[in-house]
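Take a look at the letters that make up each chain.
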Amino acid sequence: MPDAPLTLVIETATAACSVALIRGGAVVAERHEEVGRGHAERLIPMIAELPDGGRADHILVDCGPGSFTGIRVGIAAARGLALGWGTSIAGFSSLPLVAAAAFAADPELSTLAAVLEGGHGEVFMQRFTRPLTETGPFASLKPEAALAALGGAAAAGNGIRHLAALDPSLDLREALPRAAGVALIDPGFTALAARPIYGRAPDAKPLPAIPPAR
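What you see is a predicted model; the values in this text were computed from it and never measured.

K.L.:
In this structure, what is going on with helix α3 (residues 94-105)? I would like to understand it.
P.N.:
The end-to-end C-alpha separation of α3 is 17 Å, in line with the 16 Å expected for 12 residues at 1.5 Å each. A large share of α3 lies buried, amounting to nine of its 12 residues. Taken residue by residue, α3 has Ser-94, Leu-95, Pro-96, Leu-97, Val-98, Ala-99, Ala-100, Ala-102 and Phe-103 as its buried positions. In this structure, the buried side of α3 is in contact with β1 (6-11), β4 (58-62), β5 (88-92), β6 (111-119), β7 (122-129) and β10 (154-157). Where α3 begins, the capping side chain belongs to Ser-93, and its oxygen is found 3.3 Å from the backbone nitrogen of Leu-95.

Okay, structure coming up:
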């Protein structure tokens, strides 16, 4: 579809730094690296490596849940580019992106939980059915609670290690969100406001106000 709008996708909510250009549901180009905490250093150079410097008609950015720092880096870059290019911007969640990729990789899979690292030993978890449909909101859970909520279903994401430690017999699939995976999800999942979805309170808390000296 050569006349379809070109979309730049930015994915920085986990240890992956991932960008892609998508047109009419087809991936035009992508870059994907596992960088840990190096999103701020790698994101803009990776976008620049895309055709025409990644310039697109529309920008989609992962709003979370996931890494506080990664989410902020991605959204800040997306907003800056949208302002500079005069393009529209919207967001999506990392959890349906993981679920869509797992369903695409296994046609026999009918039910799945996306499970991502949540910090403080917790995981972000949301269940989906095929075709990609949320069966409830996501939650930040202790591994024991996530295991109970899983109910023996398959799980995919980078938070599965917490479940494997409790029950290694589970159907667990290691995965990170990939920007190109946006081509697998319906437009209804890509219409969020481009602002962070943290899922829990931030680790850092503001210091109490210091009363003025008398």
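K.L.:
Would you mind showing me how to read the pairing of strand β3 (residues 26-34) here?
P.N.:
Side chains on a regular strand alternate between the two faces of the sheet. The sheet contact formed by strand β2 (residues 16-23) and β3 spans eight bridges and is antiparallel. Residue pairing across strands places Cys-17 opposite Glu-33, the latter belonging to β3. Between β2 and β3, which follow one another and run antiparallel, lie two residues, and Gly-24 among them has a positive phi close to 55°.

K.L.:
Just to check I follow, could you spell out the domain arrangement of the protein chain for this structure?
P.N.:
Segmentation of the protein chain into domains returns domain 1 (6-93 + 176-189) and domain 2 (95-173). Each of domain 1 and domain 2 was reduced to a C-alpha centroid, and the two centroids are 23 Å apart. Taken together, the 14 residues of domain 1 in the interface contact 14 residues of domain 2. Taken together, both faces of the contact between domain 1 and domain 2 bury some 1,200 Å²; the carbon and sulfur share is 80%.

Quick notes on the rules
- Sequence order as written defines residue numbering, which begins from 1 separately in each chain.
- Reporting of local features is limited, given that this is a predicted model, to residues whose pLDDT is at least 70; pairs of side-chain atoms are given and counted only at 80 or more, and all residues count toward the totals for whole chains, interfaces and linings.
- Hydrogen atoms and water are omitted, and side-chain values are computed over all heavy atoms in the structure.
- Here a helix means four or more residues in a row that DSSP labels H or I, a strand means two or more in a row labelled E, and each is numbered from the N terminus.
- Expected helix span is taken as 1.5 Å per residue step, with the number of steps being one fewer than the number of residues.
- Buried residues are those whose accessible area, probed at 1.4 Å on protein chains only, stays under 20% of the maximum for their type, while exposed residues exceed 50% and partly exposed ones sit between those limits.
- Should any heavy atoms of two residues lie within 4.5 Å, those residues are considered in contact.
- Whenever two N or O atoms come within 3.5 Å, that pair is a polar contact, provided that in protein one can donate a hydrogen and the other can accept it, and provided that, for residues adjacent in sequence, both atoms are side-chain atoms.
- Strand pairing requires that DSSP identify at least two bridges connecting the strands.
- Those domain boundaries reflect an automatic or database domain assignment.
- Summed over both partners, the accessible area (1.4 Å probe) lost when two parts come together is defined as the buried area.

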